[in-house]
Amino acid sequence: ICDSCWVSEGFGTGPLRTTDGTQKLLSLPDGIFGMAMGGGDVPVRSIVSRGVSSHLPTNATYTVAESTLIQRGEDEYPFTSTSDNSSDLLKPIHRIEALRCGVTGQIMHPSRVLEKLPNDEEPEFLGLERPGEDGYTLHPINPFTIHRNCILTMTDGTPEQTTSLQNASIDFFSMDPSSCLSDMEKTVDCLKQATRDEVILGGLLVSCSGRGPGADSMLGEKMADATRLVRAFPDVPICGFYAGGEIGPMAKVGVKEAVFRSGRASVQGFTAVVALFIVPPPSTKRVMMDDGEESVRHFMLGKVKKLN
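Residues numbered from 1 in each chain as written. Predicted model: local features only at pLDDT ≥ 70, side-chain atom pairs only at ≥ 80, totals over all residues. Heavy atoms only, no water.

## Quick word on the overall build of the protein
Thought 1: Check the secondary structure of the protein and you find five helices and 18 strands.
Thought 2: Here the protein, with 308 residues, has 39% of them falling under the buried criterion.
Thought 3: When contacts within the protein are restricted to residue pairs at least 6 apart in sequence, those whose partners lie at least 24 apart make up 76%.
Thought 4: Carbon and sulfur atoms form 53% of the exposed surface of the protein, whose accessible area is close to 18100 Å². (Helix = DSSP H or I, 4+ residues; strand = E, 2+ residues; numbered from the N terminus. Buried < 20%, exposed > 50% of the residue type's maximum accessible area, 1.4 Å probe, protein only. Contact = heavy atoms within 4.5 Å. Areas by Shrake-Rupley, 256 points an atom, 1.4 Å probe, with all protein chains shown as cover.)

Shown next, in the form of structure tokens:
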């Protein structure tokens, strides 16, 4: 379904249980496995976890003071197309030209803010949270996105992503094992609390191959994501696989209200995407039951008329 993704290994739980009654989590290097659910209209509860840590000092805040949306074909657009096919990939780009410090009010170039960051390592992501949004959307920082003292962020051309970045809060992030494990635990715990009154049919986990399955992964634990999910939902059959590119809702950082994630599905990296399938609520449609003599006679007459 996507030529930029691949699958490496699967895992699953279910009828296999250990002597203490808990589910047995198995790694499956080959074969076919899955789950079957009868009926339709099954609600899905999904979450996405990545886990990053901020480079900004405590209490330091920055917002976008100046930003320009540059369209393909404009003189200042930084990329050029060499073929008709590649031109479809050249979407509008936000050029962040100045940031405002929330502590001093000083306005400075983004490159200057990057130079002032206390951590020795350069950040991997720029986090953007527009006014009214919940959580930071992550954008990669690399030599291609630093352009003439400005930071470039790509869009997909939709109104949601091309909306002005003026006064958006920003932060600078990098991934590390501790933050990844902590975010997965926190996210799964929030999912457990949010579904405590629902009956769960089963679950699906797609985890980056960089996060497992072996203990030699960046997370340093064997099947770290799957273990935490199974621990939180010990009676739920769960299966999944490790992939090189995970398709799911956009991962965000610092979400305060929304537990479930949906929409804006995209190919991402180093994420864990979880979907729980929920027993549909009972129908609230009212049905009149009347087995009185007159009602039965009327019903049977209708049947006879249809036969004639």
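## Some details on the packing of helix H3 (residues 177-194) against helix H4 (residues 224-232)
For any two helices packed against each other, one specifies the inter-axial angle together with the distance between the axes.
Thought 1: For the pair H3 and H4, interaxial distance at closest approach is 10 Å and the crossing angle is 25°. When the axes of H3 and H4 are compared, the pair comes out roughly parallel. Every pair of crossing elements has a handedness; the one defined by H3 and H4 is right-handed. Packed against H3, whose contacting residues are Leu181, Met184, Glu185, Val188 and Lys192, the element H4 presents Ala224, Asp225, Arg228, Leu229 and Ala232 at the interface. (Axes fitted to C-alpha atoms, helices over the stretch in contact; angles between N-to-C directions. Parallel < 35°, antiparallel > 145°, perpendicular 65-115°, else oblique. Left-handed = near helix turned anticlockwise from the far one by under 90°.)

## With respect to empty space enclosed by the protein
Thought 1: With the rule as written, the count across this model stands at one cavity of 30 Å³ or more.
Thought 2: Considering only enclosed or pocket space, the largest cavity measures out at about 120 Å³ in volume.
Thought 3: Lining the largest cavity are His94, Leu128, Arg130, Glu133, Thr137, His139, Thr153, Met154, Thr155, Gln161, Leu165 and Arg264.
Thought 4: Those elements that place two or more of their residues in the lining of the largest cavity are strand S9 (136-140) and strand S11 (150-154). (1 Å grid on protein atoms, 1.4 Å probe; cavity = no way out; pocket = protein on both sides within 12 Å on 5 of 7 lines; lining within 4 Å. Points joined across faces, edges and corners; volume = space filled by probe spheres on them.)

## Overview of the side chain of Arg130
Thought 1: By the secondary structure assignment, Arg130 is in the loop between strand S8 (125-129) and S9.
Thought 2: Exposure remark for Arg130: the relative accessible area of 15% places this residue in the buried category.
Thought 3: There is a polar contact of 3.4 Å between the side chain of Arg130 and the backbone oxygen of Ser164.
Thought 4: If we ignore the near neighbours within four places in the chain, the residues touching Arg130 are His94, Glu160, Gln161, Thr163, Ser164, Leu165 and Ala168. (Polar contact = N/O pair within 3.5 Å; in protein donor to acceptor, adjacent residues only side chain to side chain.)

## Considerations on the pairing of strand S12 (residues 169-174)
Thought 1: Within S12, five of the six residues are buried, which leaves the element mostly enclosed by the surrounding structure.
Thought 2: Sheet topology note: the strand S4 (residues 53-54)/S12 ladder contains two bridges and is antiparallel. Each bridged residue has a counterpart across the sheet, and for Ser53 the counterpart in S12 is Ser174.
Thought 3: Bridge count between strand S5 (residues 62-70) and S12: two bridges; the pairing is antiparallel. Paired with Thr63 across the bridge in S12 is Ser169.
Thought 4: Two strands pair when backbone bridges link them, and S8 and S12 are joined in this way by five bridges, in the antiparallel orientation. Across the sheet, Glu129 pairs through a bridge with Ser169, a residue of S12. (Pairing = 2+ DSSP bridges.)

## What about the confidence of the model for the protein?
Thought 1: Chain-level pLDDT for the protein is 81 on average; 81% of the residues reach the 70-or-more range.
Thought 2: Mean pLDDT in the protein bottoms out at strand S1 (residues 7-12), which sits at 52, and peaks at strand S7 (residues 107-108), which reaches 94.
Thought 3: Within the model, the stretch residues 1-7 combines pLDDT values under 50 with 16 contacts to residues more than four positions away or in other chains.
Thought 4: Taken as a whole, residues 15-19 scores under 50 in pLDDT and shows ten contacts with residues more than four places along the chain or in a different chain. (pLDDT = per-residue confidence, 0-100.)

## Side note on a nonpolar patch on the surface
Thought 1: Among the surface-exposed residues, Val199, Leu201 and Val279 lie close enough to one another that they form a single nonpolar patch of about 220 Å² accessible area.
Thought 2: Here Val279 is to be found in the loop between strand S18 (272-278) and helix H5 (293-307). (Patch = residues over 30% accessible without salt bridge, like charges linked within 9 Å, V, L, I, M, F, W, Y side chains within 5 Å. Salt bridge = Lys/Arg side-chain N within 4 Å of Asp/Glu carboxyl O.)

## Observations regarding the side chain of His94
Thought 1: Following the sequence through the fold, His94 ends up in strand S6 (residues 93-101).
Thought 2: Relative accessible area serves as the criterion here: at 3%, His94 is assigned to the buried category.
Thought 3: Here Gln161 takes part through its backbone oxygen, which lies 2.8 Å from a polar atom of the side chain of His94.

## A few points about the nonpolar core
Thought 1: Counting 19 residues, the largest nonpolar core has Val188, Leu229, Phe233 and Val274 as its most contacted members.
Thought 2: At the level of elements, H3, strand S13 (200-208), H4, strand S14 (238-243) and S18 are the ones that each hand at least two residues to this core.
Thought 3: Those residues within four positions of Leu229 in sequence are excluded, and the remaining contacts are Val188, Leu205, Ile238 and Val274.
Thought 4: With 17 residues, the next largest nonpolar core counts Val64, Met108, Leu165 and Phe172 among its residues. (Core = buried A, V, L, I, M, F, W, Y, C linked by side-chain atoms within 4.5 Å.)

## Digging into the environment of Glu129
Thought 1: By the element assignment, Glu129 lies in strand S8.
Thought 2: As for Glu129 and Lys252, which are separated by 123 residues in sequence, their C-alpha atoms are 9.5 Å apart.
Thought 3: Contacts of Glu129, omitting those with residues within four sequence positions, involve Asp134, Gly135, Tyr136, Ala168, Ser169 and Lys256.
Thought 4: Within the local environment of Glu129, its side chain forms a polar contact with the backbone nitrogen of Gly135, the two atoms lying 2.7 Å apart.

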